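Observations on the three-dimensional arrangement
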Amino acid sequence: LAALAAGGRGSYVPPSLRNADGTRNAEMAQRDDSCTVRVSNLSEEVKDSDLRELFRRFGAIQRVYLAKDRETHQSRGFAFINFYNREDA
């Protein structure tokens, strides 16, 4: 029980914080959302690279998350752009 309370093996990890193998993604757990910009009303044809190209002029980009449909793999119309610096967001 003490190992679970200390975040040891077997503790619950939300899907948004998991690696592909189910372990905790430390980078995501320490993410600063104040550096994040939500972009909406995107076309179904938009790609991650399009967003990177468009937003890189504002500062160094840490991560681009483009929400996609699980079946069609097309854009769901919104994305999150994570910058390294809050001032850039």
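Residues numbered from 1 in each chain as written. Predicted model: local features only at pLDDT ≥ 70, side-chain atom pairs only at ≥ 80, totals over all residues. Heavy atoms only, no water.

Notes on the pairing of strand E2 (residues 61-68)
As a reminder, the rule being used: One bridge is not enough; two strands pair if DSSP finds at least two bridges between them. Here a helix means four or more residues in a row that DSSP labels H or I, a strand means two or more in a row labelled E, and each is numbered from the N terminus.
Bridge count for E2 against strand E3 (residues 75-83) is 6 bridges, and the pairing is antiparallel. Bridge pairing links valine 64 to isoleucine 81 in E3. Between E2 and E3, which pair antiparallel and follow one another directly, the connecting turn spans 6 residues, one of which, histidine 73, has a positive phi of 60°.

Some details on the sheet that holds strand E1 (residues 36-40)
To be explicit about the condition: For helices, the fitted line uses only the C-alpha atoms of the stretch in contact; every axis is such a line through C-alpha atoms, and the angle between N-to-C directions lies from 0 to 180 degrees. Throughout, a residue-residue contact means that at least one pair of heavy atoms, one from each residue, lies within 4.5 Å.
As summarised here, the arrangement of the 3 strands in space is E1-E3-E2, forming an open sheet in which the pairing is antiparallel. Looking along the sheet, the strands with just one partner apiece sit at the ends: E1 and E2. The mean angle between the axes of side-by-side strands here comes to 15°, regardless of whether they run parallel or antiparallel. In the packing of helix H3 (residues 48-55) onto the sheet, contacts are made with E1, E2 and E3, and the angle to E2 comes to roughly 140°.

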